[in-house]
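# What the coordinates show
So the chains spell out like this:
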Amino acid sequence: MNIAIDGPAGAGKSTVAQRVARQLEYVYIDTGAMYRALAWAVLQKQLPISDENAVSELLKNNKIGLVRQAGQQRVFWNEIDVTDQIRSPEVSQSASIVASYGSVREQMLVLQRELAKQGNVVMDGRDIGTHVLPDAKVKIFLTASSRERAERRWRELREKGTETDLAELQKEIEERDRRDTQREVAPLRQADDAVLVDTTGMTIDQVVDHILQICERTGESAK
Ligand code: CDP
Ligand code: CDP
């Protein structure tokens, strides 16, 4: 059984998907990290991000790795561990630009389906239920108000010692959501057969419990 979790930035996808995967002893796959790693490399090499061909060739000629180490997913660009570097606001915005290119998404789709072949995966992203794993048994569309999503990111950054401007964060999140929902190829959209979970005002525990219940019901009905 595969589980697809999609939704806008800061909805809680990676936190919740990791917890669900741990509970069910499934493999967690963060597809956003793959777009982030590519964006990181584009910035690092100072390639013009508007050049789809150059970005696509860069992906073709290099390797992105998702590796489990000490119970955590680490992200590699070839041999370089970029796990921490890919979380900057600059990489976030650039990731949503490279993710709008059809030739990039085509390659990512192949890589992601390959990763899902191991079975029993929880995969999170924007187009998992609609394109990457259209046959996933459980599909969740996780959301929350943009204000709450910005507040979550703000708290997360503050806990890491970085003070940011909440209004600015909300603006950045809304800009990325707009780009992700309006692009032509595989835009962010709730799959017709996905369950909508609005997490506004919900704690992480409540969201995880709710999703585990949905998985349990689906598992039961599949028997
Ligand atoms: O992966 P995505 O961008 O959807 O969100 P995330 O990185 O999992 O979550 C963003 C932040 O919101 C993290 O700091 C989570 O701990 C927090 N969060 C929360 O406070 N309440 C929730 N129900 C879900 C996530
Ligand atoms: O954690 P957060 O929701 O902020 O972002 P992410 O999941 O790490 O994804 C970063 C960017 O990659 C998104 O803004 C999307 O543009 C892109 N992405 C995508 O297009 N398709 C996916 N399956 C995953 C991410």
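Procedures and definitions
- Along each chain, the written sequence defines residue order, and numbers are assigned to residues from 1.
- Naming scheme: in the order in which they are written, chains are lettered from A and ligands are numbered from 1.
- Since the coordinates come from a predicted model, pLDDT governs what is reported: local features require at least 70, and pairs of side-chain atoms require 80 or more to be given and counted, while whole-chain, interface and lining totals use all residues.
- Here the side-chain values reflect all heavy atoms present in the structure, with hydrogen atoms and water set aside.
- Basic side-chain nitrogens of Lys or Arg form a salt bridge, by our definition, when they fall within 4 Å of a carboxyl oxygen of Asp or Glu.
- Secondary structure follows DSSP: runs of H or I at least 4 residues long count as helices, runs of E at least 2 residues long count as strands, and numbering of each begins at the N terminus.
- Exposure is judged per residue with a 1.4 Å probe applied to protein chains only, and the accessible area is read against the type maximum: over 50% gives exposed, under 20% gives buried, and values in between give partly exposed.
- Any residue with a heavy atom lying within 4 Å of a molecule or strand is counted as near it.
- Polar contact criterion, stated in full: a pair of N or O atoms within 3.5 Å, where within protein one must be able to donate a hydrogen and the other to accept it, and residues adjacent in sequence count only if both atoms are side-chain atoms.
- Note that accessible areas follow from Shrake-Rupley with a 1.4 Å probe, and for residues the cover is restricted to the protein chains shown.
- All amino acids are sorted into three groups, where Ala, Val, Leu, Ile, Met, Phe, Trp, Tyr, Cys and Pro are nonpolar, Asp, Glu, Lys and Arg are charged, and the leftover types, Gly among them, are polar.
- UniProt positions are given in the numbering used here, feature names are shortened, and annotations may be inferred rather than shown by experiment.
- Note on definitions: a residue-residue contact is assigned when non-hydrogen atoms from the two residues lie within 4.5 Å.

Under the defined criterion, the tally for this structure stands at 18 salt bridges. In this structure, Lys-60 and Glu-57 form a salt bridge, with 3.3 Å as the shortest nitrogen-oxygen distance. Here Lys-60 and its partner Glu-57 are both found in helix H3 (residues 52-60), 3 residues apart, which amounts to about one turn of the helix. Across the pair Glu-114 and Lys-117 runs a salt bridge whose closest N-O atoms are separated by 3.3 Å. Classification of Glu-114 as partly exposed rests on a relative accessible area of 48%. Through salt bridges with shared partners, a single network forms among Arg-74, Asp-81 and Asp-84.

Around ligand 1, the surrounding shell holds 15 residues, and the nearest of these are Gly-10, Lys-13, Ser-14, Thr-15 and Arg-153. For ligand 1, an oxygen atom lies 2.9 Å from a polar atom in the backbone of Gly-12. Take Arg-153: an N or O atom from its side chain is 2.7 Å from an oxygen atom of ligand 1. For ligand 1, whose accessible area on its own is 550 Å², the fraction buried by protein is 85%. Tallied by class, the residues present in the shell around ligand 1 amount to 6 nonpolar, 5 polar and 4 charged.

Attention now moves to the UniProt feature "binding site: ATP" (unreviewed entry) in the chain. Sites flagged by UniProt as "binding site: ATP" (unreviewed entry) map to Gly-7, Pro-8, Ala-9, Gly-10, Ala-11, Gly-12, Lys-13, Ser-14 and Thr-15. Locating Ala-11 in the fold gives a position in the loop between strand S1 (3-6) and helix H1 (13-24). A relative accessible area of 2% means that Ala-11 is categorised as buried. Residues contacting Ala-11, with those up to four places away along its chain left out, are Leu-142, Thr-143, Arg-149, Arg-152 and Thr-199. Residue position: Ser-14 is located in helix H1. Here Ser-14 falls in the partly exposed class, since its relative accessible area comes to 29%.

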